[in-house]
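Summary of structural features
So you can see what is in the structure, the chains are spelled out below.
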Amino acid sequence: MSELQKKTLHGIEYTDQDIVRFENGVPGFEGLKNFLLTMNPEHEPFVWLYSIDNPQIRFLMVNPLLFRPDYAPQMQKEQLNEIRIERKEDLFLFVIVTLNPNPRLSTVNMAGPIIINMALKLGKQAILDDARYSIRERMMGEDSAC
Amino acid sequence: MLVLTRKPGESLRIGDDVRITVVEIDGSNIKIGIDAPRSVAIYREEVYQKIKEENQAAVAKTEVDINSLTQLFGKKGPPR
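Residues numbered from 1 in each chain as written. Chains lettered and ligands numbered in written order. Predicted model: local features only at pLDDT ≥ 70, side-chain atom pairs only at ≥ 80, totals over all residues. Heavy atoms only, no water.

From N to C terminus, chain B includes two helices and three strands. The C-alpha atoms of chain B give 22 Å as radius of gyration, which overshoots the globular expectation for 80 residues (12 Å, by more than 25%). When the backbone C-alpha atoms are referred to their principal axes, chain B occupies close to 60 × 30 × 25 Å. Out of the 80 residues in chain B, the part that is buried amounts to 25%. (Helix = DSSP H or I, 4+ residues; strand = E, 2+ residues; numbered from the N terminus. Rg over C-alpha atoms; globule rule 2.2 N^0.38 Å. Buried < 20%, exposed > 50% of the residue type's maximum accessible area, 1.4 Å probe, protein only.)

Structure representation (structure tokens):
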């Protein structure tokens, strides 16, 4: 059963069953197709999406509904078909964080959410053509208390 | 790049199942119609480019310490 053989990436153990497959990569990284979704309790609620093909590449992601409960991206059906979504509960939604040394200036890409079919381990970056959502949106208001 | 000249109402085909039609020309605006299978996603180039650039920016910044962000954000979401 080579499929269940344990491997490690940055000290994280995984098997082939944990790999999330991005058939077309993501824009800018089209050649990277195999990723690992990892949750470090210390970084909660943020999660890391590590490239297995190039361990130098990783994305920090977060569930956008935590800070924008009304986030309702309209995706083209073919984007959902690509990851073979049949049941709503299989769909996990994340947005990529662009970190800034000043955490208040960290932004999220609301126009390119990462969608993952957790049951089939298929992922994709959806591309929204929607003026409501920008590629650099603040997660926190500037005046929010510390 | 292959360059072809078309008049309004004329089309061209890419492969067997993609058809692009020049619908209307109004000054510098050109309306283009696309017939393609449902499996083909269609984006405006500049939208795709912006996502690509932001992905590259996000990857470049992953070395920034995230602890200050998680502290500020809290386990259940940001302060409101």
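All names here are of chain B. Read from one edge of the open sheet, three strands run E1-E2-E3, paired in antiparallel fashion. A single partner strand is all that each edge strand has here, and the edge strands are strand E1 (11-14) and strand E3 (29-35). Between one strand axis and the next, the sheet turns through 25 degrees on average, direction left out of account. Two elements, E1 and strand E2 (residues 18-26), share four bridges in a ladder whose sense is antiparallel. Bridge assignment links leucine 12 to a residue of E2, and that residue is isoleucine 20. (Pairing = 2+ DSSP bridges. Axes fitted to C-alpha atoms, helices over the stretch in contact; angles between N-to-C directions.)

On to the interface of chain B and chain A, then. Contacts between the two partners involve 36 residues from chain B, matched on the other side by 49 residues from chain A. Around 3,700 Å² of area is buried between chain B and chain A when both sides are counted, 64% of it from carbon and sulfur atoms. Linking chain B with chain A are two salt bridges, by the criterion used here. Asp129(A) is the salt-bridge partner of Arg44(B), the closest N and O atoms lying 2.5 Å from each other. (Contact = heavy atoms within 4.5 Å. Buried area = accessible area lost by both parts, 1.4 Å probe. Salt bridge = Lys/Arg side-chain N within 4 Å of Asp/Glu carboxyl O.)

Our focus in this paragraph is the side chain of Asn55(B). Along the chain, the position of Asn55(B) falls in helix H1 (residues 45-60). Setting aside residues up to four positions removed in sequence, Asn55(B) forms contacts with Val26(A), Pro27(A), Phe29(A), Phe59(A), Ile96(A), Asn109(A) and Gln125(A).

Here we take up the environment of Ile135(A). Tracing the chain through its elements places Ile135(A) in the loop between strand E10 (122-125) and strand E11 (137-138). By relative accessible area, which is 18% here, Ile135(A) ends up buried. A sequence separation of 81 residues divides Ile135(A) from Asn54(A), and the C-alpha atoms of the two residues are 24 Å apart. Not counting residues up to four positions away in its chain, the partners in contact with Ile135(A) are Val108(A), Asn109(A), Met110(A), Ala111(A), Lys50(B), Ile51(B) and Glu54(B).

So, about the confidence of the model for chain A. Of all residues in chain A, 94% have pLDDT values of 70 or greater, and the mean over the chain is 90. At the low end of the mean pLDDT range in chain A sits helix H1 (residues 77-82) of chain A, at 82; at the high end sits strand E3 (residues 20-21) of chain A, at 97. (pLDDT = per-residue confidence, 0-100.)

Turning our eyes to something else, we now look at unusual backbone geometry. With glycine set apart, most residues show a phi of negative sign, and most peptide bonds adopt trans. Residue and element names in this part refer to chain A. A cis amide bond links glutamate 44 with the next residue in sequence, proline 45, at an omega value of 5 degrees. Relative to the helices and strands, proline 45 is located in the loop between strand E4 (34-38) and strand E5 (47-51). Residues other than glycine seldom take positive phi values, yet histidine 10 does so here, at roughly 50 degrees. Phi at lysine 121 is positive, roughly 55 degrees, even though this residue is not glycine. With respect to the helices and strands, lysine 121 occurs in the loop between strand E9 (114-117) and E10. Classification of lysine 121 as partly exposed rests on a relative accessible area of 24%.

What follows concerns the pattern of salt bridges. Residues and elements named next belong to chain A. One pass over the full model with this rule turns up twelve salt bridges over all chains. Here aspartate 90 and arginine 87 are joined by a salt bridge, their closest N and O atoms 2.9 Å apart. Exposure remark for aspartate 90: the relative accessible area of 11% places this residue in the buried category. Accessibility expressed as a relative area gives 44% for arginine 87, which makes it partly exposed.

Soluble globular proteins tend to pack their nonpolar side chains together in the buried interior. Within the largest apolar cluster, 33 residues are counted, with the highest numbers of intra-cluster contacts made by Phe46(A), Val62(A), Phe67(A), Val97(A), Val108(A) and Met139(A). Every element with two or more residues in this core is listed here: E5, strand E6 (58-62) and strand E7 (91-98) of chain A together with helix H2 (67-73) of chain B. Every residue in contact with Val62(A), bar those within four places of it in the chain, is listed here: Pro45(A), Phe46(A), Phe67(A), Leu93(A), Phe94(A), Val95(A), Val97(A), Val108(A), Met139(A) and Phe73(B). Residues Val20(A), Leu32(A), Phe59(A) and Met61(A) belong to the second largest nonpolar core, which totals 19 residues. (Core = buried A, V, L, I, M, F, W, Y, C linked by side-chain atoms within 4.5 Å.)

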